[in-house]
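Topology and contacts: notes
Here is how the chains run, residue by residue.
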Amino acid sequence: MRGPCERSEEDGQQDDEATAAARHFAEDVEARKSSDADSDLDLETECVPGSHSLEEEVRDALYLGSCQAHNVVPASRFLHQGNAPELNLRHRGLGPQGARALASALISNPYVKWLDLRDNGLCGPGAEALADVLSKNSSICDVDLSENQLQAAGVQALCAALAVNSVVQKIRLAGNGLEEQAAHYIAELLLVHSGLKSLDLSYNQLNDQAGEVLGPALAENTGLTELDMKWNHLRGPGAVAFAKGLEANIFLKVLDISHNGFGDSGASAVAEALKANNVLEELHMSNNRISAVGALSLGQGLRVNQTLKILIVSRNPMQNEGCSGLLKSVQDNPESALQLLDFSDIKVSREFGDLASSLKVILPGLCIKTGAQRMQYKKELLPVLSEAPPVPASK
């Protein structure tokens, strides 16, 4: 028995049959509409606000025909989409077949600019169908395909499509179980796509080998300004290689590498990057196993960097010694641009507080965060975990 993410030869034949059937359906609607084009009633209908244009009817017919051919239930939100620029179909359970049906209607759609298909179980075959859309569509610029079990084959198809698409500027691929093989395809994309500005690879399984592949690509990339790598497995040599890529990069402004395992060696490599990099403005490094030794190394980069505005190193075992060392490094840098230093959930001493106060005299715009900040990581859970209101007693 085939799993929902597997593709067979029958699927390819079904795709061809679905496309032909959908086009026939759409042509039939257009022909019937055209035959009445000269009637007064038709002219009046076209003038009624909110009425469907011929173009919309053909597009809907194409989608409905494709859904019928793929034996899937149409997404009602798409049928009510009209000419809106944002199409949000997250958590709809589309699956690969639903993605194929949707693809037939998106290829020539000139209105959708933001496409959100998060958590739809698209798998590799669904990603391949959407890759065909991205290789031909010239309006979609923001795509969210997070939590879709895309697998390496799906990412390969998407990267190949994006390589010939200069319109897409933002893509989210979080939570897709991506590993080393997927990193190779992403690295190739970073080398050729200068139009991509934001990339989200968080909550994947990108390890040391992936870091060694992505680092050189990051060094050569000429467009990316935001990169989210949190909750991966970058550590050891992979973390160092990735940091070296940051050292040579001259475009990236925001980088999130929190919840990895950079450790002290990775922190030292990031410090070297901060010495050379004069573009990065925001760096997230929380939960990275950085001790006081690593913090002192990181401080060497802060001692000379003039562009970094936000540094978050919360939940690292750097203790009071490491936190104080970072403050002293910033204090020694009169050209520092720092506006936020976050040491949340790291125990510090009264002497640290005195040092922070003296630093704020030099940098009055600097915010230094300490103490527990646990609640901010549970905001989405609060409505679920809150106690239910008492049930009034029956009279």
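Each chain carries its own residue numbering, running from 1 in the written order of its sequence. Two thresholds apply to this predicted model, a pLDDT of at least 70 for residue-level local features and 80 or more for giving and counting side-chain atom pairs, whereas whole-chain, interface and lining totals are computed over all residues. To obtain the side-chain values, all non-hydrogen atoms of the structure were included, while hydrogens and water were left out.

1. So, the confidence of the model for the protein
This prediction gives the protein a mean pLDDT of 87; 81% of its residues lie at or above 70. Confidence of the prediction at every residue is given by pLDDT, a number between 0 and 100. Note on contacts: a residue pair qualifies if any of its non-hydrogen atoms lie within 4.5 Å across the two residues. Considering only residues more than four positions removed or in separate chains, one finds that residues 29-51, a stretch of pLDDT under 50, has twelve contacts. Overall, residues 375-389 carries pLDDT values under 50, and its contacts beyond four positions in sequence, including any with other chains, amount to three contacts.

2. Considering the pattern of salt bridges
Throughout this description, the term salt bridge denotes a Lys or Arg side-chain nitrogen within 4 Å of a carboxyl oxygen of Asp or Glu. On inspection of all chains with the given rule, the structure shows twelve salt bridges. In this structure, E147 engages R118 in a salt bridge whose closest nitrogen and oxygen atoms are separated by 2.7 Å. Within this pair, whereas E147 is found in the loop between β3 (142-144) and α7 (151-162), its partner R118 is found in the loop between β2 (114-116) and α6 (123-136), the two being separated by 29 residues in sequence. According to the relative accessible area criterion, E147 is partly exposed, its value standing at 36%. Among the residues examined, R118 registers a relative accessible area of 16% and is labelled buried. In this structure, K253 and E281 form a salt bridge, with 3.8 Å as the shortest nitrogen-oxygen distance. Of this pair, K253 sits in the loop between α10 (236-248) and β7 (254-256) while E281 sits in the loop between α11 (263-276) and β8 (282-284); the two residues are 28 residues apart in sequence, bridging distant segments of the chain. The class of K253 is partly exposed, set by a relative accessible area of 36%. Burial classification: accessible surface area is computed with a 1.4 Å probe over protein chains only, and a residue below 20% of its type maximum counts as buried, one above 50% as exposed, and the rest as partly exposed. The exposure class of E281 is partly exposed, given its relative accessible area of 27%. In the salt-bridge network here, residues are joined through shared partners; they are R90, D116, R118, D144 and E147. Counting from the N terminus, the helices are DSSP H or I runs at least four residues long and the strands are E runs at least two residues long.

3. What about the sheet that holds strand β4 (residues 170-172)?
Strands are treated as partners if at least two bridges between them are detected by DSSP. Pairing is parallel across the open sheet formed by eleven strands, whose spatial order is β1-β2-β3-β4-β5-β6-β7-β8-β9-β10-β11. This sheet does not close on itself; its edge strands, each paired only once, are β1 (86-88) and β11 (367-369). Strand-to-strand twist in this sheet, taken as the mean axis angle between neighbours without regard to direction, amounts to 0°. Strand direction decides the pairing type here: strand β9 (residues 310-312) and strand β10 (residues 340-342), joined by three bridges, are parallel. When the sheet's bridge partners are listed, I310 is paired in β10 with L340. Whenever a helix is involved, its axis is fitted only over the stretch in contact; in every case the axis is a line through C-alpha atoms, and angles between N-to-C directions fall within 0 to 180 degrees.

4. Description of the environment of A152
Position of A152 relative to the elements: it lies in helix α7. Since its relative accessible area comes to 28%, A152 is described here as partly exposed. A sequence separation of 31 residues divides A152 from A183, and the C-alpha atoms of the two residues are 8.6 Å apart.

5. Digging into the packing of α7 against helix α8 (residues 180-192)
The geometry of α7 relative to α8 is characterised by a closest axis approach of 9 Å and an angle of 5° between their N-to-C directions. Between α7 and α8, the angle falls in the class roughly parallel. Of α8, the residues touching α7 (which contributes A152, V155, Q156, C159 and L162) are Q181, A182, Y185, I186 and L189. Lys, Arg, Asp and Glu make up the charged group, whereas Ala, Val, Leu, Ile, Met, Phe, Trp, Tyr, Cys and Pro make up the nonpolar group; the residues left over, Gly among them, are polar. Among the residues forming the contact of α7 with α8, the class breakdown is eight nonpolar, two polar and no charged. The scheme is simple: roughly parallel for angles under 35 degrees, roughly antiparallel for over 145, roughly perpendicular for 65 to 115, oblique for anything else.

6. Looking at the nonpolar core
Ranked by internal contacts, the top residues of the largest apolar core, which has 95 residues, are F242 and F343. Looking at which element gives the most residues to this core, the answer is α8, with seven residues. Contacts of F242, omitting those with residues within four sequence positions, involve G211, L214, G215, L218, L227, M229, L234, L255, I257 and F262. Nonpolar cores are built from buried Ala, Val, Leu, Ile, Met, Phe, Trp, Tyr and Cys residues. Side-chain atoms within 4.5 Å join them into one set.

7. Focus on the packing of aromatic side chains
Note on ring pairs: Phe, Tyr and Trp rings are taken, using the six-membered ring of Trp, and paired if centres are within 6.5 Å. Classes follow the plane angle, with under 30 degrees stacked, over 60 edge-to-face and the rest tilted. Under the criterion given, the structure shown has three aromatic pairs. Considering the side-chain rings of Y203 and W231, the 5.8 Å spacing of their centres and the 15° angle between planes classify their relative orientation as stacked. Here Y203, found in the loop between β5 (198-200) and α9 (208-220), pairs with W231, found in the loop between β6 (226-228) and α10; they are 28 residues apart in sequence, far enough to count as distant. Given the relative accessible area of 41%, W231 is considered partly exposed.

8. Here's the deal with α8
Over its 13 residues, α8 runs 19 Å from end to end, which matches the ideal 18 Å to within 8%, given 1.5 Å per residue. For α8, the full list of buried residues reads A182, A183, Y185, I186, A187, L189 and L190. Contacts made by the buried residues of α8 are with α7, β5 and α9. Every helix has an expected span of 1.5 Å times one less than the residues it contains.

9. What to know about helix α12 (residues 292-302)
For α12, the set of buried residues is A292, G294, A295, L298, G299, G301 and L302. Taken down its axis, α12 places every buried residue within 150° of arc, on the same side. Residues of α12 that are buried make contact with α11, β9 and α13 (319-331). By definition, the arc is the one covered by directions from the helix axis to the C-beta atoms.

10. Observations regarding the side chain of N221
Tracing the sequence through the fold places N221 in the loop between α9 and β6. N221 gets classed as buried once you look at its relative accessible area, which sits at 2%. From its side chain, N221 meets the backbone nitrogen of G223 in a polar contact 3.1 Å long. Excluding its chain neighbours within four sequence positions, the residues that come into contact with N221 are L190, H193, N249 and F251. Under this definition, polar contacts are N or O atom pairs within 3.5 Å; protein pairs additionally need one hydrogen-donor-capable and one acceptor-capable atom, and for neighbouring residues in sequence, both atoms have to be side-chain atoms.

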